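Here's the letter readout for the chains.
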Amino acid sequence: MKCLLTSIPLIMLLIPGFALACLENQIYVREHQVAPYVRVDQTPVSGYRRNGYCRDLDIENYFQDNSSQKIKGSSLKLKKWSEAEKKIVQSHIDKLPKWLGRYRFGEVLRAETDGTRNPAATVPYTKTIIFFDPFFKSKNQRDILIHEVSHIAVWDLDVSAAEEFAAVSGWSTNENQTKRFPPTNPIKADSVKSVTEDFANHIEIYYSNEGILRKHNPKAHEFIRKLVLQKENP
Ligand SMILES: [Zn+2]
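Parameters at a glance
- Residues numbered from 1 in each chain as written.
- Predicted model: local features only at pLDDT ≥ 70, side-chain atom pairs only at ≥ 80, totals over all residues.
- Helix = DSSP H or I, 4+ residues; strand = E, 2+ residues; numbered from the N terminus.
- Buried ≥ 20, exposed ≤ 12 C-beta atoms within 10 Å, placed from the backbone.
- Contact = placed C-beta atoms within 7 Å.
- Core = buried A, V, L, I, M, F, W, Y, C linked by C-beta atoms within 7 Å.
- Pairing = 2+ DSSP bridges.
- pLDDT = per-residue confidence, 0-100.
- Expected span 1.5 Å × (residues − 1).
- Axes fitted to C-alpha atoms, helices over the stretch in contact; angles between N-to-C directions.
- Parallel < 35°, antiparallel > 145°, perpendicular 65-115°, else oblique.
- Left-handed = near helix turned anticlockwise from the far one by under 90°.
- Nonpolar A, V, L, I, M, F, W, Y, C, P; charged D, E, K, R; others polar.

Q: Describe the overall build of the chain, and please don't skip the residues or the numbers.
A: Helices and strands together make up the secondary structure of the chain, namely eight helices and twelve strands. Of all 234 residues assigned to the chain, the portion counted as buried reaches 30%. Considering only contacts within the chain whose residues lie at least 6 apart along the sequence, 60% involve residues at least 24 apart.

Q: Residues and numbers for the nonpolar core, please.
A: Membership of the largest hydrophobic core comes to 39 residues, with the highest contact counts inside it found for Ala120, Ile130 and Phe131. Counting residues per element, the ones that place at least two in this core are strand E9 (120-123), strand E10 (128-131), helix H4 (141-153), helix H5 (159-169), helix H6 (195-208) and helix H8 (218-232). Apart from residues no more than four positions distant in its own chain, Phe131 is found in contact with Val89, Arg110 and Ala120.

Q: Let's hear about the environment of Val192: which residues, and what values?
A: Checked against the element boundaries, Val192 lands in the loop between strand E12 (180-181) and H6. Its 15 C-beta neighbours within 10 Å are what place Val192 among the partly exposed residues. Each C-alpha atom, one on Val192 and one on Phe181, is 8.2 Å from the other, the two residues being eleven residues apart in sequence. Setting aside its immediate chain neighbours within four residues, Val192 contacts Pro182 and Pro186.

Q: Run through the pairing of E10, naming residues and quoting values.
A: Of the two faces of E10, the one carrying Thr128 and Ile130 and the one carrying Ile129 and Phe131 are both buried. Summarising the sheet, strand E8 (residues 107-110) and E10 pair through four bridges and their orientation is parallel. When the sheet's bridge partners are listed, Leu109 is paired in E10 with Ile130. With four bridges connecting them, E9 and E10 associate as antiparallel partners. Bridge pairing in E10 links Ala120 to Phe131. With antiparallel pairing between neighbouring strands as the criterion, E9 and E10 make up a hairpin whose turn holds four residues, including Lys127 at a positive phi of roughly 50°.

Q: Describe in detail the confidence of the model for the chain, supporting the description with residues and values.
A: Per-residue confidence for the chain averages 86 on the pLDDT scale, and 88% of its residues sit at or above 70. The element-level mean pLDDT for the chain is lowest in strand E1 (residues 2-3), coming to 54, with helix H7 (residues 210-216) highest at 97. Scored below 50 in pLDDT, residues 5-19 shows 19 contacts in the model against residues more than four places distant or in partner chains.

Q: Break down H6 for me, citing the residues and quoting the values.
A: A rise of 1.5 Å per residue sets the reference length of H6, with its 14 residues, at 20 Å; its end C-alpha atoms lie 20 Å apart and thus fit the reference within 8%. Here H6 lies mainly inside the structure; twelve of its 14 residues are buried. Among the residues of H6, those classed as buried are Val195, Thr196, Glu197, Asp198, Phe199, Ala200, Asn201, His202, Ile203, Glu204, Ile205 and Tyr206.

Q: Give me the packing of H5 against H8: which residues, what numbers.
A: It is at 8 Å that the axes of H5 and H8 come closest, and there the two elements cross at 150°. Viewed along their axes, H5 and H8 adopt a mutual orientation that is roughly antiparallel. Every pair of crossing elements has a handedness; the one defined by H5 and H8 is left-handed. Between H5 and H8, the residues in contact are Ala161, Glu164, Phe165, Val168 and Ser169 and Lys219, Ala220, Phe223 and Leu227, respectively. Its residues assigned to classes, the contact of H5 with H8 comprises six nonpolar, one polar and two charged.

Given below as structure tokens:
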């Protein structure tokens, strides 16, 4: 259940305007070069630099058998969806908590494995979720999907909320705030990888076993409870 952008430094959490400018049903298309082309009426159009913009995502386009995305740091071999697998995933998407259900995905991809036993992975920047073989053998598919969508949702936290979450979850910084240290008693072992991983774990456990979260860290539980309440009733 990893985020494929683990190389993003934590500081990204402190800089608004990453995915934040777009709505839940949109994706940010980075500034890019448009090649020269000829219009239907034969008018030549010279190449230009197109500014970044938010593009609406098409819900009809979810289950793709391949992708033009270059997914870094991963030897993914994408494979074809079966109709049964699409139904399974769609049924979980349909039952997501309301606020997470507002997110649209750029691509929902299928691959055998990412080389680990991960059931799924997310590319938050392109709002892409990839499902691996272990997902379909898993008993906690709902928890896995909630976790993955939380990897996308975390980028919608504003700076103060992200900082507050990190603090209540037990992350600390050095004196000049250039380094961050993970909680000594993390809710899950891989929470120490990043604040975003920790956040996804918290949301997952909030929905799968709220009692554990409350007991483990009442402050973090209270933060998540209030956040969900606010997101469910915007
Ligand atoms: Zn994760």
